[in-house]
Amino acid sequence: MLLLVLFLGLVVTVAPGLIIGYALVAVSGELSLTARVLLLVALAMGTAALWLGLGEPASVLLPLAMLVSFLTTLASGATFLGLEARRRRAPRHPAPVWQSR
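Residues numbered from 1 in each chain as written. Predicted model: local features only at pLDDT ≥ 70, side-chain atom pairs only at ≥ 80, totals over all residues. Heavy atoms only, no water.

Once that is clear, we can look at the packing of aromatic side chains. Two descriptors summarise a pair of aromatic rings, namely the distance from one centre to the other and the angle between the planes of the rings. According to the stated counting rule, one finds one aromatic pair in the structure shown. When the ring of Tyr22 is compared with that of Phe80, the centres are 4.8 Å apart and the planes differ by 70°; the resulting orientation is edge-to-face. Pair noted here: Tyr22 is in helix α1 (residues 2–27) and Phe80 is in helix α3 (residues 62–89), with a separation of 58 residues, a long-range link. (Phe/Tyr/Trp six-rings, centres within 6.5 Å; stacked < 30°, edge-to-face > 60°. Helix = DSSP H or I, 4+ residues; strand = E, 2+ residues; numbered from the N terminus.)

Take the pattern of salt bridges next. Should the charged atoms of two oppositely charged side chains come close, the side chains can pair. Tallying each qualifying case throughout the model produces two salt bridges. Across the pair Glu84 and Arg88 runs a salt bridge whose closest N-O atoms are separated by 3.6 Å. One end of the pair is Glu84 and the other is Arg88, both in helix α3 and four residues apart, which spans about a single turn. Among the charged side chains, a network of salt bridges with common partners joins Arg36, Glu84 and Arg88. (Salt bridge = Lys/Arg side-chain N within 4 Å of Asp/Glu carboxyl O.)

As a further point, take the packing of helix α2 (residues 33–54) against α3. Pairs of packed helices are described in terms of their axes, by the angle between the two and the distance that separates them. Relative orientation of the contacting elements α2 and α3 amounts to 155°, with a least axis distance of 8 Å. One way to sum up the angle between α2 and α3 is to call them roughly antiparallel. The element α2 and its partner α3 pack so that their crossing is right-handed. Contacts between α2 and α3 involve Arg36, Val37, Leu40, Val41, Leu43, Ala44, Met45, Thr47, Ala48, Trp51 and Leu52 from the first element and Leu62, Ala65, Met66, Ser69, Phe70, Thr73, Leu74, Gly77, Ala78, Leu81, Glu84 and Arg88 from the second. The residue inventory of the contact of α2 with α3, partitioned by class, reads 16 nonpolar, four polar and three charged. (Axes fitted to C-alpha atoms, helices over the stretch in contact; angles between N-to-C directions. Parallel < 35°, antiparallel > 145°, perpendicular 65-115°, else oblique. Left-handed = near helix turned anticlockwise from the far one by under 90°. Contact = heavy atoms within 4.5 Å. Nonpolar A, V, L, I, M, F, W, Y, C, P; charged D, E, K, R; others polar.)

Set out below in structure tokens:
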């Protein structure tokens, strides 16, 4: 039962960061990479700060929840930024296949 509660707590902590990281990349397509990274860090700090309002400040798990939320948002955003950059750099036309003799 304890493992189930811990797992659900982890899902509740991670899910907003995943969604916000992906949404940032999806919405900020016209911004420069520097602006997108700075915005990603600011949103990651914001998702971590939200836990201050939801949790009890004296709680032992509050800093852990803030850290997990922060890192999840950063990882999600960086992953989707990398995937988008790889897709943009992909060749538009495949390279020709040379005939062997």
